[in-house]
Amino acid sequence: MTLTLALVIVGGTLFGAGTTLLLCRPLTRILLGSVLLGNGTNILVLTTAGAAGDAPLLGFGADTSTIVDPLPQAFILTAIVITLALTAFLVTMAYRAWQLSGSDDVQDDVEDIRVARRAVYMEERERLRATYNDWREAYQSMVGSEEEQRAAERRAYQRLGKARDRYRELKDRARADARAHRARQARAEQTAEETAEEDDPWETILGADR
Amino acid sequence: MSAGPSEAASVASALVPLPVILPLFAAGLKLAIGLRLQRTQRAISIVVLSLVVIVSLVLLVVADKEGPQVMYAGGWAPPVGIVLVADRLSALMLVVSTSVTLGVLVYSNGQGMADREGATPLSVFHPSYLVLVAGVSDTFLAGDLFNLYVGFEIMLVASFVLLTLGGTIARIRAGATYAIVSLLSSVLFLVAIVMVYGATGTVTMAELPAAIEKLPDGVTTLMEIALLGVFGIKAAVFPLAAWLPDSYPTAPAPVTAVFAGLLTKVGVYSMLRSQTLLFPGTRLTDVLMIVALLSLLVGIVGAVAQTDLKRLLSFTLISHMGYMIFGIALATPEGFEGAIFYVAHHITVQTTLFLVVGLIERRGGSTDLQRLGGLATLSPLLAILFFIPAMNLAGIPPLSGFLGKLGLLRAGVADGSVLAYVLVAGGTLTSLLTLYAMAKVWNLAFWRAAPAELYEVGAVLDSEETDEETDESEAEASREQGDTGTASDTGAPASQPPVGSGRAPEEAHVAVGTATDTARQEAPAPAGHTQTATFGGQQVTTTTRLPASMIGSTVGLVLFGLAFTALAGPLFDFTGRTADELIERTPYVSAVMDR
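Everything quoted here is computed from the prediction, not taken from an experiment. (Residues numbered from 1 in each chain as written. Chains lettered and ligands numbered in written order. Predicted model: local features only at pLDDT ≥ 70, side-chain atom pairs only at ≥ 80, totals over all residues. Heavy atoms only, no water.)

Chemist: Would you mind showing me how to read the overall build of chain A here?
Modeler: Of the regular secondary structure elements, chain A holds five helices and zero strands. Along its sequence from the N terminus, chain A presents helices and strands in the succession α-α-α-α-α. The long-range fraction of contacts in chain A, counting pairs at least 24 apart against all pairs at least 6 apart in sequence, stands at 56%. When the accessible surface of chain A is split by element, carbon and sulfur atoms take 59% of a total near 14900 Å². (Helix = DSSP H or I, 4+ residues; strand = E, 2+ residues; numbered from the N terminus. Contact = heavy atoms within 4.5 Å. Areas by Shrake-Rupley, 256 points an atom, 1.4 Å probe, with all protein chains shown as cover.)

Chemist: Is there a simple way to think about the overall build of chain B in this case?
Modeler: Secondary structure assignment for chain B yields 26 helices and four strands. Considering chain B as a whole, with its 595 residues, one finds that 63% of them fall into the buried category. When contacts within chain B are restricted to residue pairs at least 6 apart in sequence, long-range pairs at least 24 apart make up 82% of them. If you sum the accessible surface of chain B, you get close to 20100 Å²; carbon and sulfur atoms cover 67% of it. (Buried < 20%, exposed > 50% of the residue type's maximum accessible area, 1.4 Å probe, protein only.)

Chemist: Before we go on, may I ask you to explain the interface of chain B and chain A in this structure?
Modeler: Accessible area lost upon the coming together of the parts is a frequently used measure of interface size. The partner chain A presents 42 residues to the 45 residues of chain B that form the contact. Here chain B packs against chain A, burying approximately 3800 Å² in sum over the two surfaces, 71% of which is carbon and sulfur. Summed over the three residues of chain B that lose the most area to chain A, namely Arg-173, Ile-180 and Tyr-197 of chain B, the buried surface amounts to 16% of that side. For the interface between chain B and chain A, the tally reads zero salt bridges. Where chain B packs against chain A, one counts one residue pair in polar contact (both at pLDDT 80 or more). Within the residue set of the side of chain B that touches chain A, elements represented by two or more residues are helix H6 (145-163), helix H7 (169-200), helix H10 (243-247) and helix H20 (468-487) of chain B. Among the elements that make up the side of chain B that touches chain A, the one with the highest residue count is H7 of chain B (16 residues). (Buried area = accessible area lost by both parts, 1.4 Å probe. Salt bridge = Lys/Arg side-chain N within 4 Å of Asp/Glu carboxyl O. Polar contact = N/O pair within 3.5 Å; in protein donor to acceptor, adjacent residues only side chain to side chain.)

Chemist: Help me understand a nonpolar patch on the surface in this model?
Modeler: Side chains of Leu-3, Leu-5, Val-8 and Ile-9 of chain A sit close together on the surface and give an oily, nonpolar patch of about 380 Å² of accessible area. Structurally, the position occupied by Val-8 of chain A is in helix H1 (residues 5-22). (Patch = residues over 30% accessible without salt bridge, like charges linked within 9 Å, V, L, I, M, F, W, Y side chains within 5 Å.)

Chemist: How should the packing of aromatic side chains be read in this particular structure?
Modeler: Given two aromatic rings, their pairing is described by the distance between the two centres and the angle made by the two planes. All told, the structure shown has 24 aromatic pairs over all chains when counted by the stated rule. For the ring pair Phe-75 of chain A and Phe-146 of chain B, a centre distance of 4.2 Å and an interplane angle of 20 degrees mean the geometry is stacked. Here Phe-75 of chain A is found in helix H3 (residues 70-101), whereas its partner Phe-146 of chain B is found in helix H6 on a different chain. Phe-146 of chain B sits in the buried class, given a relative accessible area of 7%. Plain terms: the ring middles of Trp-243 of chain B and Tyr-248 of chain B are 5.8 Å apart, the flat faces sit at 80 degrees to each other, and that makes the pair edge-to-face. Of the two residues examined, Trp-243 of chain B and Tyr-248 of chain B, each falls in the buried class. Members of the aromatic cluster, each reached through a chain of ring pairs, are Phe-75 of chain A together with Phe-146, Tyr-149, Phe-152, Phe-189, Tyr-197 and Phe-231 of chain B. (Phe/Tyr/Trp six-rings, centres within 6.5 Å; stacked < 30°, edge-to-face > 60°.)

Chemist: I keep staring at the pairing of strand E2 (residues 83-86) of chain B and nothing clicks. Help me out?
Modeler: The two faces of the sheet receive side chains in turn, since in a regular strand these alternate between them. Residue and element names in this part refer to chain B. Neither face of E2 is exposed, since Val-83 and Val-85 on one face and Leu-84 and Ala-86 on the opposite face are all buried. Sheet topology note: the strand E1 (residues 69-72)/E2 ladder contains four bridges and is antiparallel. The residue bridging Val-70 from the neighbouring strand is Val-85, located in E2. (Pairing = 2+ DSSP bridges.)

Chemist: Sorry if this is basic, but what is going on with the environment of Leu-557 of chain B here?
Modeler: Checked against the element boundaries, Leu-557 of chain B lands in helix H24 (residues 548-566). Residues Leu-557 of chain B and Thr-351 of chain B lie 206 residues apart in sequence; the distance between their C-alpha atoms is 8.3 Å.

Chemist: Help me out: how do you make sense of the nonpolar core in this one?
Modeler: Side chains of a nonpolar character, in soluble globular proteins, are inclined to be buried together. If you look at the biggest cluster of nonpolar residues, it comprises 202 residues, and the most contacted ones within it are Phe-386 and Phe-446 of chain B. The dominant element in this core, judged by the number of residues it contributes, is helix H14 (residues 333-364) of chain B, at 16 residues. (Core = buried A, V, L, I, M, F, W, Y, C linked by side-chain atoms within 4.5 Å.)

Chemist: Would you take a moment to explain a positive patch on the surface for this structure?
Modeler: On the surface, Arg-154, Arg-155, Arg-159 and Lys-162 of chain A cluster together to form a positively charged patch. Within the secondary structure layout, Arg-159 of chain A lies in helix H4 (residues 110-198). (Lys, Arg positive; Asp, Glu negative; His and termini not counted. Charge placed at Lys NZ, Arg CZ, Asp CG, Glu CD.)

Chemist: Hey, could you run me through the side chain of Arg-311 of chain B in this one?
Modeler: Within the secondary structure, Arg-311 of chain B sits in helix H13 (residues 309-330). Filtering out sequence-adjacent residues up to four positions away, Arg-311 of chain B remains in contact with Asp-109, Glu-111 and Asp-112 of chain A together with Pro-245, Asp-246, Pro-249 and Gln-306 of chain B.

Chemist: Could you clarify how one ought to interpret empty space enclosed by the protein in this entry?
Modeler: A water-sized probe, rolled over the atoms, reveals where empty space remains. Summed over all chains, the structure comprises six cavities of 30 Å³ or more. Elements with a contribution of two residues or more to the lining of the largest cavity: helix H2 (27-47) and H3 of chain A together with H6 and H7 of chain B. Here the lining of the largest cavity is composed, by residue class, of seven nonpolar, five polar and one charged. Lining the second largest cavity, in full, are Met-155, Leu-156, Tyr-178, Val-181, Ser-182, Ile-233, Lys-234, Trp-243, Tyr-248 and Leu-263 of chain B. Listing elements by their share of the lining of the second largest cavity, those giving two or more residues are H6, H7 and helix H9 (217-235) of chain B. (1 Å grid on protein atoms, 1.4 Å probe; cavity = no way out; pocket = protein on both sides within 12 Å on 5 of 7 lines; lining within 4 Å. Points joined across faces, edges and corners; volume = space filled by probe spheres on them. Nonpolar A, V, L, I, M, F, W, Y, C, P; charged D, E, K, R; others polar.)

Below, the structure written as structure tokens:
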């Protein structure tokens, strides 16, 4: 079987261009891509018929050894009809998509996104929860430390208070002692003065009883 | 290249093209009638599909007793003429597929195609549906690769129309993905056919085995890869399955049901045919095994993650494709036997489940698991109708799902290779995870207490266009509810309303005090008291009295699924004979070539 190189090249080019267009978002481009792909395929089908030859018509004195294989041409005819139907449908769909949404881009699947988002959402929630817990813990520990400090202060104050009370008590007692001491001394001095004045021990001891 | 009418055309072989011709003819008739005579139109569809079922049954019996039945279109012999062949495999697939399509048609009549949109015209649905049936039948009967391609295209064009029925924005979006992927796959298929034709000079499947044997090994492998890739897109096996869960769930319930049941199985059928007839041996079996394993696991993990019932079922569909690919990859009689049985079983079960989902949507107003609840008390019949096929899908022992899986797993053990054992393990795990997914659906949609709105019969419920945040907070609440429900299993699942454990996030939201939340807090109140609650977005009318034909056809399909269990013995005998016939190859080839 011989191949026509030109057909292969044309078919391959159409295939490449069609595939490129098929990868676009807008339905119109995809449509054009599918048309190119379809035509490229048809030309590739044609290559299987081998080298060019006479028209495959029996009964008109045709030599069966020089006519081309008719089967690929029948394939192509069928394929062309099918491509036509699909193209018509795609055009309608692109138009309808444009009518409804103002663009004919192929949309992402909403439910997919929702499920994916839910995963992200869950992750985000977990993360936020973890962060919240961390923060709360930190806050609580902070609050705890503050309270502790306050308690410590209070304890310190209490201790201080106790110490002050004790100090005051001691001070008071000391003052009282001192006052008593001074009073005693004063009395002693007074007595001494009195005794010095009278200079009579009996007088000092017995006083008025005498 | 001899022309002329075939003298030996028996009655049976004259019946062979009828599953293709009758629906096509009826579709044309209905298009001619147009919008008038709705009742007559429904009658025509049902009568025609019933006839096709009868014809398929006759073909099944004849093909089993007397070997493959062949019809040469126009009396032209291959390689020029078109051949239609009905062997055991084709006839079995025809019987199962036409029975299921008949059931779905009856169901859709009851539904009135009125779910969600008024704009789903019957005058478009019925002809497209019949064309789809014709396309599916054509792929099952096609005796040459190019006719298989044409059958695919008939099916595809009809499925485009059915998928975008009514032309709403969601369906156009889904339809775009589906149309582009299908288009690409049909281009690739044509390229593969060109490759085969260029290498062998024929596309007739009966002539190909002899021609392929003469080819160098590399060329054969290349052809095999090309064809398997195309059929893999059709069958939605793992790396090529991303389009399926995006596109199927938006369609009306009967359409999704028939798509899920049939269109993917067409791919599996083509794989079976090409792997047995054209490329016997074990060239790519390891690759197929790995693909099967990935399909099984990735699909079911996807299913577990979903919250929408239709999407969940779409993912289980992808997953269970893996079982059939596993059977094909084993390339042993037991493997093919199991795969064929599983295909028949799975068509029925998957279709039934999607129909039940349609009923759930009717009753509950949604297919979102987070909005459903309490259906077991609200509609016990619905619960039974869901429970049986769900358990069947998961493979609970007496049911056919178990038998099919068991057959495949035994074939895997008999094969004995490491990869086969890995797949046996993967298959078992998938079965368990399917059970988990089904139990999740059961717990959320049927077993827990119903949301307040669901008790209000005939109330108009919002279905889709609610606020995203509302959705999510609600999703949160009921997800947690669901988690505790599944975790604590029997812990009073039906007693608490779906706020119990989900209170924490709710309160958090209230504390934030957004407008949507206050709206959500108030929303149940009007729905509970008045029937004219209007929400934005699309609307669904719920009913307690589901249409008799919807229930009837669903019951019929559930029973049909149970029939696989009851008749498992004879059916396994039959699939065994089918597998033998497939591996032997000569019955098929000689039936077509000797005339």
